[in-house]
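Structure at a glance
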Amino acid sequence: MRPRVLFLTTRFPFPPDRGDRLHAFHLLRVLAERFDVTLAAFDEGESGSAGASVFEGLGVRVRTVPLSRFARLARLGGALVTGEPLQIAYYRDEAMRRLVTSSLPAGQSYDAVVCHLVRTAPYAAAAPTRVRLLSLCDSMALGLERRMRHAPWLERPSIGLEHARMRRFESSVLDDFDEGWLVSGVDLAEFPGDTRKIRVIPNGVDARLLEGDIPEDPPSVIGFHGHFRVPHNVDAAGFLVREVLPRLRARGIETKVRFIGADPAPAVRALASVPGVEVRGYVEDLRSVLQEYRVLCAPLRFSAGIQNKLIEALAAGVPVVSATSAIEALGGAPSSIAQGADDPEAYAAAIAQQWARGEERMHALVAAREWVRLQFRWENFADRVSAWIAGTGGATGPVRQS
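Residues numbered from 1 in each chain as written. Predicted model: local features only at pLDDT ≥ 70, side-chain atom pairs only at ≥ 80, totals over all residues. Heavy atoms only, no water.

Observations concerning the side chain of Arg384
Mapped onto the fold, Arg384 is located in helix 16 (residues 379–389). Among the polar contacts listed, one links the side chain of Arg384 to the side chain of Glu179, at a separation of 2.8 Å. (Helix = DSSP H or I, 4+ residues; strand = E, 2+ residues; numbered from the N terminus. Polar contact = N/O pair within 3.5 Å; in protein donor to acceptor, adjacent residues only side chain to side chain.)

Encoded structure:
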């Protein structure tokens, strides 16, 4: 009989069209190869038959809890009084707690529970298991701190209040867990809590992106893909079009800017009115999209963790330009192919540097692809679960695993 693992997440992880869903989807995929996995997730009308059938095909049992609008609003109101982070209160649900405690017959237990994101941490103590693991991904407190620097003045007080609350919450969140995972050393350095239980395990990458030849002369397209209702992507899209694109054209670089991603916000859709800017929806075949990028530019001014879009582009042989903090989070990306920038002129200069293709550049792209192949494996997460179930998971300090 295979070990039993309970996987808790807030958003139903299908379709994998945004960072948190993508991360949860691939963790479930690799865990299901080794364990008997039960998925417990909130359902805001997103699970559907397609998502359920995908996970059933992987051998994952799916259990969902409806997330009522009225209950959410009531919990958010209560959090204003209690001081709990809004992102925690939003998902603190009695029906989910009952599901966690009763998802197995009386007297039985899981070999491990994996909580995905800090929002699910409050349910760990109720889970019938001997091993509790928390996939933090990144520090939400760090993300809020960076967002506050670029938010409109009217929004900064509320973001600052949530940042302070989340920082307090993260400072003790690992008390109920055997181990926590962060995806980058940058997040580890800024994490407000005790880091002795934390391992740094970078995200993985879809192996299909590593296949095939790298185009020698792709179209003159600056690409940027992601979920375009996520605030840091919306901000970055506007920054790219309004601040960077005019400077590129002043340098004589005639290019299209192409945004690919699900459910673009009105502010992103409006960018399509600018000549040379395209806004497309979500596509399943990401490799074909990446084949048409000459450079990926993602000016992410307040993101945290590892941005999947960057390693996906590098895997496909596309140079990347992004915020210095996002490049640093990759942990040693080849500087000739992955460049950081923090102001519009620096972005334009970096893109111009990446524009030309030649034999030397192609060799560098091939080397960057091989670096991605070695560094970014989803299986590393399953390895840690296996180690804890086997009784060999204990660590004395933060460890980078790659």
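Topic: the nonpolar core
Residues Phe224, Phe259, Leu330 and Ile351 are the most contacted members of the largest nonpolar core, which totals 63 residues. It is helix 9 (residues 231–250) that contributes the most residues to this core, eight residues altogether. Ignoring anything within four residues of it in the chain, the contact list for Ile351 reads Ile222, Val244, Leu248, Val295, Cys297 and Val321. With 38 residues, the next largest nonpolar core counts Leu8, Ala40, Cys115 and Val200 among its residues. (Core = buried A, V, L, I, M, F, W, Y, C linked by side-chain atoms within 4.5 Å. Buried < 20%, exposed > 50% of the residue type's maximum accessible area, 1.4 Å probe, protein only. Contact = heavy atoms within 4.5 Å.)

Some points on the sheet that holds strand 9 (residues 256–260)
Taken in spatial order, the six strands line up as 10-9-8-11-12-13 in an open sheet, and their pairing is parallel. Two strands close off the open sheet at either side, each with one partner strand: strand 10 (277–280) and strand 13 (338–341). Neighbour-to-neighbour, the strand axes of the sheet open up by a mean angle of 25°, direction not taken into account. The pairing of strand 11 (residues 295–298) with strand 12 (residues 320–323) spans three bridges and is parallel. Paired with Leu296 across the bridge in strand 12 is Val320. Docked against the sheet, helix 12 (residues 308–315) engages strand 8 (221–225), strand 11 and strand 12, running at close to 170° with respect to strand 11. (Pairing = 2+ DSSP bridges. Axes fitted to C-alpha atoms, helices over the stretch in contact; angles between N-to-C directions.)

Re the pairing of strand 1 (residues 4–9)
When you tally the buried positions in strand 1, you get six out of six residues, the bulk of the element. In strand 1, alternate side chains face the same way, and those of Arg4, Leu6 and Leu8 on one face and Val5, Phe7 and Thr9 on the other are all buried. Two strands pair when backbone bridges link them, and strand 1 and strand 2 (residues 36–43) are joined in this way by six bridges, in the parallel orientation. Its bridge partner being in strand 2, Phe7 is matched across the sheet by Leu39. Of the pairings in the sheet, the one linking strand 1 to strand 4 (residues 112–116) comprises four bridges and is parallel in character. Looking at the pairing, Leu8 lines up with Cys115 of strand 4.

Some thoughts on helix 5 (residues 94–102)
Note on helix geometry: an α-helix contains 3.6 residues per turn, so any two residues three or four positions apart are oriented the same way. What helix 5 keeps buried is the set Met96, Leu99 and Val100. Down the axis of helix 5, the buried set is contained in an arc of 100°. They therefore lie on one face. For helix 5, the capping residue at the N-terminal end is Asp93, with a side-chain oxygen 2.9 Å from the backbone nitrogen of Ala95. (Arc of directions from axis to C-beta.)

Description of the packing of aromatic side chains
Across all of its chains, the model carries 14 aromatic pairs by this definition. Measuring from ring centre to ring centre gives 5.6 Å for Phe12 and Phe55, while their planes differ by 85°; the resulting arrangement is edge-to-face. With Phe12 in the loop between strand 1 and helix 1 (19–32) and Phe55 in helix 2 (residues 48–58), the pair connects residues that are 43 residues apart, well separated along the chain. Residue Phe12 shares its accessibility class with Phe55, and that shared class is buried. Ring centres of Phe239 and Tyr347 lie 5.8 Å apart, and the angle between their planes is 70°; this geometry places the pair in the edge-to-face category. Highlighted residues: Phe239 in helix 9 and Tyr347 in helix 14 (residues 344–355), separated in sequence by 108 residues. For Phe239, a relative accessible area of 10% corresponds to the buried category. Its relative accessible area of 2% is what places Tyr347 among the buried residues. Here the aromatic residues Phe12, Phe14, Phe25 and Phe55 are joined through ring pairs into a cluster of three or more. Here the basic side chain of Arg156 rests over the ring of Trp153, its NZ or CZ set 4.1 Å away from the ring centre. Here the basic side chain of Arg294 rests over the ring of Trp355, its NZ or CZ set 5.5 Å away from the ring centre. (Phe/Tyr/Trp six-rings, centres within 6.5 Å; stacked < 30°, edge-to-face > 60°. Lys NZ or Arg CZ within 6 Å of the ring centre and 35° of its normal.)

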